[in-house]
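So the chains spell out like this:
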Amino acid sequence: DMLFTDLEKKTQAGLCTYKVTASFLQIYNENIYDLLRKSTIYNDDFSEDPDNFLKIREVPKAKGADPSEAHEVYVSGLSEFRVQTADDVLELISMGSANRATRSTDFNATSSRSHAILQLNFEINQKDDITGREVISKSKLSLVDLAGSEKMQISHEPTERHLKELTSINKSLSSLGNVISALSSSSRSHIPYRDSKLTRLLQDSLGGNTRTVLIACVAPTLLHVA
């Protein structure tokens, strides 16, 4: 249950301190919003406010870094919270999920209309008792909830908002598929990360020194066959 502790810990190599921070965002209609800010609460009269849009930035590579190494990306202005336990993280998820853009569909009364990304950033500072040298290790865990693709129902004329949502969701999912395909191909040198905000934001989580796991929730009944 405990993710980390603020207390210093003794190891064979010396003294270690731990720090974990969490952030929660959504990508809605190719715009990024902080789910842990009250200004991004959505309702039926939701209108996109450019003042709430967040931008993706890139950390410059250090001199002498491997050219093939993925750039580290981050969202400028995104709020981060210190967490110590799994309950702390679950509380942030509950808070952010209430601010997420949703809409009723044939199969789900509260279907998500956005991609949500929960990121946990881990930092371990280890100090050698003998040399006094400090080594800082960093890692990031990205938990992504993708909005499901949806076919346009010819029998139901979509609203302008609905049409924009469907277009944005399907386009970003297609871009994600193209990136995964490019990464798995030995003959492709260019990876199209910049084709969508989703793939751009996950650039350093898809390529480089990372591990990616895909979890699919599949219903086997005929009712759920599109």
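About the criteria used
- Residues numbered from 1 in each chain as written.
- Predicted model: local features only at pLDDT ≥ 70, side-chain atom pairs only at ≥ 80, totals over all residues.
- Heavy atoms only, no water.
- Helix = DSSP H or I, 4+ residues; strand = E, 2+ residues; numbered from the N terminus.
- Buried < 20%, exposed > 50% of the residue type's maximum accessible area, 1.4 Å probe, protein only.
- Contact = heavy atoms within 4.5 Å.
- Salt bridge = Lys/Arg side-chain N within 4 Å of Asp/Glu carboxyl O.
- Expected span 1.5 Å × (residues − 1).
- Arc of directions from axis to C-beta.

A. The overall build of the protein chain, seen in detail. When helices and strands are tallied, the protein chain shows four helices and 10 strands. Sequence-ordered secondary structure for the protein chain, helices as α and strands as β, is β-β-β-β-β-β-α-β-β-β-β-α-α-α. Relative to its full complement of 226 residues, the protein chain shows a buried share of 33%. Pairs at least 24 residues apart make up 57% of the contacts formed inside the protein chain by residues separated by at least 6 positions.

B. Region of the structure containing the pattern of salt bridges. One pass over the full model with this rule turns up five salt bridges. Salt-bridge contacts for arginine 200 lead to glutamate 58; the nearest nitrogen and oxygen are separated by 2.8 Å. With arginine 200 in helix H3 (residues 197–201) and glutamate 58 in strand E4 (residues 55–59), the pair connects residues that are 142 residues apart, well separated along the chain. Close ionic contact of arginine 100 with aspartate 145 constitutes a salt bridge, the shortest N to O distance being 2.6 Å. With arginine 100 in the loop between helix H1 (86–97) and strand E7 (102–103) and aspartate 145 in strand E10 (residues 134–145), the pair connects residues that are 45 residues apart, well separated along the chain. By relative accessible area, arginine 100 is classed as buried at 11%.

C. Main features of H1. Taking 1.5 Å as the rise per residue, H1 with 12 residues should run 16 Å; its terminal C-alpha atoms sit 16 Å apart, in good agreement. Within H1, burial applies to Val89, Leu92 and Gly96. The buried residues of H1 occupy one face: seen down the axis, they fall within an arc of 60°. Across H1 from its buried face, at more than 90 degrees, point the exposed residues Leu90, Glu91 and Ser94.

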